[in-house]
Structures are given as C-alpha cells and as structure tokens.
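Below are the chains, spelled out letter by letter.
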Amino acid sequence: MKKIALFFLLMVIAACSSESLSVKQATNLIETHTEKYPYFEKTNLQLGEQKYSVRKDSAELSVLRNLASQDLISLKTISSHKKLLSKDSVLVVNIGLTTKAADFVIDQKKNKAQVKTYLFTIQEDSDVQLELNSKTKATASAKLIKITTPFAGLSKDKNPNAAFITQKFILKYNKETGWYVAR
C-alpha cells in the first residue's frame with residue numbers, strides 16, 4: 001500500500017513539474033500577472049492655477065466639478081470675469097489633489113499629475129487562447145474587461161466601441177521556476 005501511495009505521489013510531482021502547459025495554468029499565470037502588474041490607460045491632469053472659458057470648456061469643468069464633489073480633487077475658484085466683447089466668461093481655478101485620489105495617481109509633478117482613466121482586469125471564466133510555440137515558449141490571448149475610473153472623463157476613450165480589449169501574453173518556461181509570464 002505504501003509503495004502505491006508513493007508511486008502516485010511521484011506521478012503527481014512529475015505532472016506538476018512537467019513542461020506541458022494547460023489553458024487553466026495559463027489563465028492562472030495571467031491572472032496573477034495582471035494583479036501584480038495592472039494594465040491601465042492614463043491621462044495628464046494639470047494642477048495649480050488654470051484658466052477656463054465657461055462655455056467653451058464646460059464639459060471639462062463639469063468633470064472637474066464632479067471630481068471635486070467626490071472629494072478626489074480640490075477645486076477653488078480664484079476669480080471669474082467676463083471676456084471683453086464676448087458672451088463667454090473666464091474662470092480661474094486652483095486644482096489640487098486630495099488623499100482619496102492617491103489610488104489613481106501614477107506620477108505627480110509640481111504642476112501636473114498622471115492619473116489612471118481605465119483599468120483592465122481579466123474576465124472571469126475567460127476563454128484564454130493558448131498557442132504553444134515550442135516546449136519552452138507559448139503565446140496566450142486573453143480578454144481584459146475595461147473598468148472606468150472617476151478620472152475617465154478627462155480623456156478620450158481609445159476603444160469607445162468595446163467594453164474589453166484582447167491582450168497577448170508571452171509565456172516562457174524555466175526549469176527552476178516553471179512557467180511564467182515574460183511580458
């Protein structure tokens with residue numbers, strides 16, 4: 001009985017360390033990779049004192065007011081005056097980031113910040129397409145679902161007609177560590 005149990009144990013260990021790659025293994029590798037290195041789109045947000053035309057920039061002002069109401073940015077009006085010989089007015093505001101925006105900020109400089117606009121996560125029960133190129137290299141295609149952030153209104157959507165993107169991942173095999181996502 002002990003010999004049979006030992007035999008099955010050795011078979012399980014051999015099966016786990018083999019170079020073969022299944023779709024389920026590829027899906028798990030991609031899920032852990034996207035959790036560790038998230039995929040996102042970004043845009044720049046100008047900070048500090050900014051001038052806006054009330055009519056011309058009404059869409060951007062609306063997005064900024066919405067962000068201020070969610071307490072992601074501080075929006076303080078410095079001055080407002082009417083343009084000479086025009087129906088439009090000039091609004092001078094001071095834009096600043098709050099601590100709630102920290103999860104969406106990628107990089108911050110003195111007068112601008114890069115913020116995440118769309119996040120991409122792997123679709124649950126995703127149909128990962130797996131193509132084995134060789135014994136140690138494979139290409140996997142997965143669908144990543146697009147999730148909007150509060151800052152999405154500041155930029156144009158690069159894929160406005162789709163709620164997901166298809167991303168290719170290169171998988172490689174290493175004898176010591178096994179399969180991993182190369183990029």
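What comes next is a walk through the structure.

Here is what the cut-offs are and how they apply
- Residues numbered from 1 in each chain as written.
- Predicted model: local features only at pLDDT ≥ 70, side-chain atom pairs only at ≥ 80, totals over all residues.
- Heavy atoms only, no water.
- Salt bridge = Lys/Arg side-chain N within 4 Å of Asp/Glu carboxyl O.
- Core = buried A, V, L, I, M, F, W, Y, C linked by side-chain atoms within 4.5 Å.
- Buried < 20%, exposed > 50% of the residue type's maximum accessible area, 1.4 Å probe, protein only.
- Helix = DSSP H or I, 4+ residues; strand = E, 2+ residues; numbered from the N terminus.
- Contact = heavy atoms within 4.5 Å.
- Phe/Tyr/Trp six-rings, centres within 6.5 Å; stacked < 30°, edge-to-face > 60°.
- Lys NZ or Arg CZ within 6 Å of the ring centre and 35° of its normal.
- Pairing = 2+ DSSP bridges.

## Examining the pattern of salt bridges
- The final tally for this structure, using the stated rule, is two salt bridges.
- D107 is paired through a salt bridge with K109; the nearest N and O atoms lie 3.1 Å apart.

## What about the nonpolar core?
- If you look at the biggest cluster of nonpolar residues, it comprises 20 residues, and the most contacted ones within it are L21, I30, L144, F169, L171 and W179.
- Elements represented by at least two residues in this core include exactly α2 (23-36), β6 (112-122), β8 (137-148), β9 (164-174) and β10 (178-181).
- Aside from chain neighbours lying at most four places away, what touches I30 is I122, V128, A140, A142, F169 and V181.
- Counting residues in each nonpolar core, the second largest holds 17 residues, with L45, L47, L67 and I73 among its members.

## What to know about the packing of aromatic side chains
- Evaluation of the coordinates by the stated rule reveals three aromatic pairs.
- Geometrically, the ring pair formed by Y39 and F169 is edge-to-face, given 5.8 Å between the ring centres and 80° between the ring planes. With a gap of 130 residues between them, Y39 in strand β1 (residues 39-46) and F169 in strand β9 connect regions that are remote in the sequence. You'll find Y39 and F169 in the same group, each marked buried.
- Over the ring of F40 we find K116; its NZ or CZ atom is 5.1 Å from the centre of that ring.

## Here's the deal with the environment of I78
- Within the fold, I78 resides in strand β3 (residues 73-82).
- Between the C-alpha atoms of I78 and V92, which are 14 residues apart in sequence, the distance is 5.4 Å.
- Contact partners of I78, with chain neighbours within four places excluded, come to E49, V92, V93 and N94.

## Considerations on the pairing of strand β5 (residues 105-108)
- Bridge count between β5 and β6: three bridges; the pairing is antiparallel. Within β6, the position partnered with D107 by the bridge is Q114.
- Hairpin geometry of β5 and β6 is characterised by an intervening segment of three residues between the two adjacent antiparallel strands.

## Some points on the environment of F164
- Counting through the fold element by element, F164 comes out in strand β9.
- Separated by 42 residues in sequence, F164 and I122 place their C-alpha atoms 9.3 Å apart.
- When near neighbours in sequence (up to four residues on either side) are disregarded, F164 contacts K143, L144, I145 and K146.

## Quick look at unusual backbone geometry
- The backbone of D71 shows a phi angle near 65°, a positive value even though the residue is not glycine.
- Of note, D71 is situated in the loop between α3 (58-69) and β3.

## Thoughts on the side chain of T43
- Looking at the element boundaries, T43 is found in strand β1.
- Owing to a relative accessible area of 14%, T43 belongs among the buried residues under this scheme.
- If we skip the residues at most four places from it in the chain, T43 touches A113, Q114, V115, T117, L154 and S155.

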